[in-house]
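# Inside the fold
Chain by chain, the residues run as shown.
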Amino acid sequence: MPIDHREIRFEDAIEQYLLDNGYEKGVGHQLDAEHPDGFDAKRAIWPKAVTDFLKATQPEVWDSLENLHGEDTARIVLDDLCRSLDSQGLLAVLRHGFKCYGKRLQMAFFAPAHAMNPETQRLYKANQLDVVRQLHFSDAEPGKSLDLALALNGLPLATAELKNQNSGQTVEHAKQQYRDDRDPKEKLFAFKQRAVVHFAVDTDAVAMATKLDGKKTFFLPLNRGDGLGAGNPDNPNGYKTEYLWQGIWQRDAWLDIFARFVFLESKETKVGGKKVRKETMIFPRYHQLDAVSKLEADAKQKGPGNNYLVQHSAGSGKSNSIGWLAHRLASLHDAKDGKVFDSVIVVTDRVVLDRQLQDTIYQLEHKQGVVQKIDESHKSAQLAAALDAGTPIIIVTIQTFPFVTEKLSKQKDRKYAVIIDEAHSSASGETATELKAVLAAEQIREKARAEAEQKGLADYEEEILRTMAKRGRQPNISFFAFTATPKYKTLEVFGGRDVSGKPTPFHLYSMRQAIEEGFIHDVLANYTTYKTYHRLLKSIEEDPQVEKRKAAQALARFMSLHPHNIAQKTEVMLEHFRAHTRHKIGGRAKAMVVTSSRLHAVRYKQEFDKQIAEKGYDDVRTLVAFSGTVEDPDVSGKSYTEPEMNPDPETGNPIKEKQLPEKFAGPEFQVLIVAEKYQTGFDQPLLHTMYVDKRLAGIQAVQTLSRLNRTCSGKEDTFVLDFVNSREEIYEAFQPYYERTDVGEEADPHQLYELQAKIEEQHIIHASDVEAFCKVFFQAKAVQSKSDHAKLQATLDPAVTRFKELDEEEQEEFRGLLGAFRNLYAFLSQVIPFQDSELEKLYAYARFLLTKLPRRESGPRYQFDDEVTLKFYRLQKISDGSIELDKGKGGEVGGPTAVGTSLGESPEVELSTLIELVNERFGTDFTKADELFFNQIQEEAVNDEDIREAAKANTLDNFRFVFDKALENFFIDRMEQNEELFAKYMNDPAFQELVKRHLRERVYGQIRDEDAA
């Protein structure tokens, strides 16, 4: 007989597993004489299960109530329970109980943090979890039933509609059933009051909703992820979705979710000038459950002294993940019931995170004082007091830590968990080193003292050992670093190691999965590029000699700030916004203009407002965002500030900087023009379109464009119009962060010793000067004096004098070597525990010497407003459509090398020649390549000393950063030999990329071959 493949068999499998693993079989019938243990549809509880639980776990309280009320006790208790459920919500009643005639009754007992109290263990085991098949939930229509419900001690926690593809139905049919046939007015489905979450399930996928709202019911995927994308992987042993009932619904895990995960999020927004509070029940997504649970388990097993990197995409719910993790680490006990961490420190620059953490953790703990934010104004005293008092969770910025060293207690047994929000920003530099020094002060002091005594070292040498020790991992500190876009340093410092020894995230939720699951928009799906073609004329009779690089930059700035350029681009943006963007998201869509400087932002703001006024548009208003004061180069004494340029349309008063995000969120303003502000961390879901007039690259491109990716109701897509960057450049920026981010070739520790040797060969830094510097710099605070600063200068000045005796080229070479050493040691010393105090001494000396070396003259500054005029201008669309990222390809981020930076010489050319070069760069003729021309370019590159050094010291991947920049200069220099090829190279991105790759590989290979020979 064929196997029964109907939906009922799917239900059977789920029910049987749960019954075999700690659940009881619940009653689906409604409460009546025949079913006294049935479901009370009016109250949406199982009354008998409730009273049985209360009598079994709290007999003394029940007896005292029964002495008061006799046979009415059950009715009175159930009435008070339901009143509490309706007013406070099921979640609050589960966690904190309810009151009946002055007596508090608990409706659940959750797992204690430790096993030291046998009574709490007994009560935890007394919880009764029920799985209920075909629950008849409706009082008005008793015949209606849903497939599955899960209950705890007589209270409904969740419902589920199950579908089976073999019967022709999927998870989408289950969602539709909830939307069309499950009335939110039924008590069981009442938001907050009864069932917390509703699952739509088939054999391949799971979705969840925490609020039923008819047709508007919103489901989120609850899938594991298939590889690095959406969905679930094949399961050779059963259903793809069995992780739901075997993992999430597993007895201990399920109770833990309701104890320490689910919470009610409350947000206040302004709609039409009125404040509106929106409540959302937050149930963890799969990757959040998985990451937090695995991090907690690993920390419990290994204790402090470990680093963890969590690469979670934008849209992953990182704030909630950090909150859950902080709460759990603060109460974490090891297998011997010892506290793993004394305090959890959350390092963030997001002002919203502290309020969110406090609100969330108060719901989970129901007591004040668990979370403390350190205010900038009282940071030193507040932080010291919080650490001394063992405050469970402390929220700080990373800049706060250097101020607290002297005020900390010296208790050796203090252990800390440090959670870093957006770890790529500053969490792996000197400030992070100071953070470790503060939290591990006594351990570092003891380690250095013991080694100094063993070696018979002087006091200042002991301080050097202490400084070296604080750079590496500390046995009393664990770091948990969260980021969507890890840099090379972030991976090396916080990542674990894969089988090949390369750094890798502890947990990954990819950008690709977030996009495929619909948690963020694909900002590259609609990407249009424009190109500017123009011709300049020299408007003076003289033809002065100008420095090529500086003058070319000045011409580019002249062109970008030219009123005609600003006006033309503004018209394109304004008309596009009104024709295509304004009507999106129900008429609430907004746009951002990303400019290349503060002056550009000012000019665009002026031009937007001018065109809006001239055309009489009343449906678009602009705001501008920039820091500080901008001086107008065209009007003497005229300056601009952000508030002055943003008058409130109602009052006319300047809009303060802190008010701008809220004002932009409202209906009065539609376009935000920015210069280096709001390009990271700015969360505005109504942002639909971005106009880019700035060069973007690497992580900056990802972070800037990702301002568009937030989802909201009615937002179906996004749009980017880019005046500057090519599709290929944007692809290169995004690809490393699309799935898993890997590191390129790892930095070699031996490079440090090679750099040290090269620096010593220059004879600028003498060992005696370094030693004298360190004796002062590292001496104990007790013996420091006011004259120490002068002594430090005296040890640096001889090196500065010797540096000045070098010619300009030698100076730049030395400066590059010293800078490379400083950067490489600062990075590698956090990854590799160097035992060489000579390196630490040179590093300390180099840091201060670099700041004192005289700066190279930057050369002349040019302003061509009077010497150059614009003859021809055209703005042309080059491409539109989607920029497709590659699945399965991954991407690498590069790290520091032993190569320093050199400014090099910039030849002088006649102004007329340079203008012609710039004109040809923006020409419009395109023809085929000439092999002879390429050969000449290759020979010139091979003979260039800077390029030769870069090729010898770098991988091919890192070599491109030096070569690609130089290649354009080679083309400009040889432009007159083949103007047609030059124009094609400059204007055809695909052709340009082909030429770059071809010549890069040939030049790199030739130099390496010659060097080896």
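Residues numbered from 1 in each chain as written. Predicted model: local features only at pLDDT ≥ 70, side-chain atom pairs only at ≥ 80, totals over all residues. Heavy atoms only, no water.

Identification of the protein chain as DEAD/DEAH box helicase family protein from Aeoliella straminimaris is taken from an unreviewed UniProt entry.

### Focus: the packing of aromatic side chains
The full count for this structure, using the stated rule, is 28 aromatic pairs. Among the aromatic side chains, those forming a connected cluster through ring pairs are F199, W249, W254, F258 and F283. Taking NZ or CZ as reference, K590 lies 5.2 Å from the ring centre of F664, over its face. (Phe/Tyr/Trp six-rings, centres within 6.5 Å; stacked < 30°, edge-to-face > 60°. Lys NZ or Arg CZ within 6 Å of the ring centre and 35° of its normal.)

### Looking at the sheet that holds strand 17 (residues 477-483)
What the 7 strands build is an open sheet, ordered 14-15-13-16-17-12-20; its pairing is parallel. The sheet is open, and its two borders are formed by strand 14 (371-373) and strand 20 (507-509), each paired with just one other strand. Ignoring which end each strand starts from, the neighbouring axes of this sheet average 15° apart. In this sheet, strand 15 (residues 393-396) lies alongside strand 14 in parallel orientation, the contact comprising 3 bridges. Counterpart to V371 in the pairing with strand 15 is I393. (Pairing = 2+ DSSP bridges. Helix = DSSP H or I, 4+ residues; strand = E, 2+ residues; numbered from the N terminus. Axes fitted to C-alpha atoms, helices over the stretch in contact; angles between N-to-C directions.)

### With respect to a negative patch on the surface
Negative charge collects at one region of the surface, where D807, E809, E810, E813, E945, D946 and E949 lie side by side. Elements represented by at least two residues in the negative patch include exactly helix 30 (808-831) and helix 34 (945-953). Considering the arrangement of structural elements, one finds E945 in helix 34. (Patch = residues over 30% accessible without salt bridge, like charges linked within 9 Å, V, L, I, M, F, W, Y side chains within 5 Å. Areas by Shrake-Rupley, 256 points an atom, 1.4 Å probe, with all protein chains shown as cover. Salt bridge = Lys/Arg side-chain N within 4 Å of Asp/Glu carboxyl O. Lys, Arg positive; Asp, Glu negative; His and termini not counted. Charge placed at Lys NZ, Arg CZ, Asp CG, Glu CD.)

### Some remarks on the nonpolar core
Residues L81, F199, I248, W249, W254 and F258 are the most contacted members of the largest nonpolar core, which totals 69 residues. With 6 residues, helix 4 (residues 73-88) is the single largest residue contributor to this core. Counting 60 residues, the second-largest nonpolar core is a separate cluster that includes V418, A481, F682 and F734. (Core = buried A, V, L, I, M, F, W, Y, C linked by side-chain atoms within 4.5 Å. Buried < 20%, exposed > 50% of the residue type's maximum accessible area, 1.4 Å probe, protein only.)

### Concerning helix 26 (residues 727-734)
Residues of helix 26 that are buried: R727, I730, Y731, A733 and F734. In a view along the axis of helix 26, the buried residues occupy a sector of 160°, so they form one face of it. (Arc of directions from axis to C-beta.)

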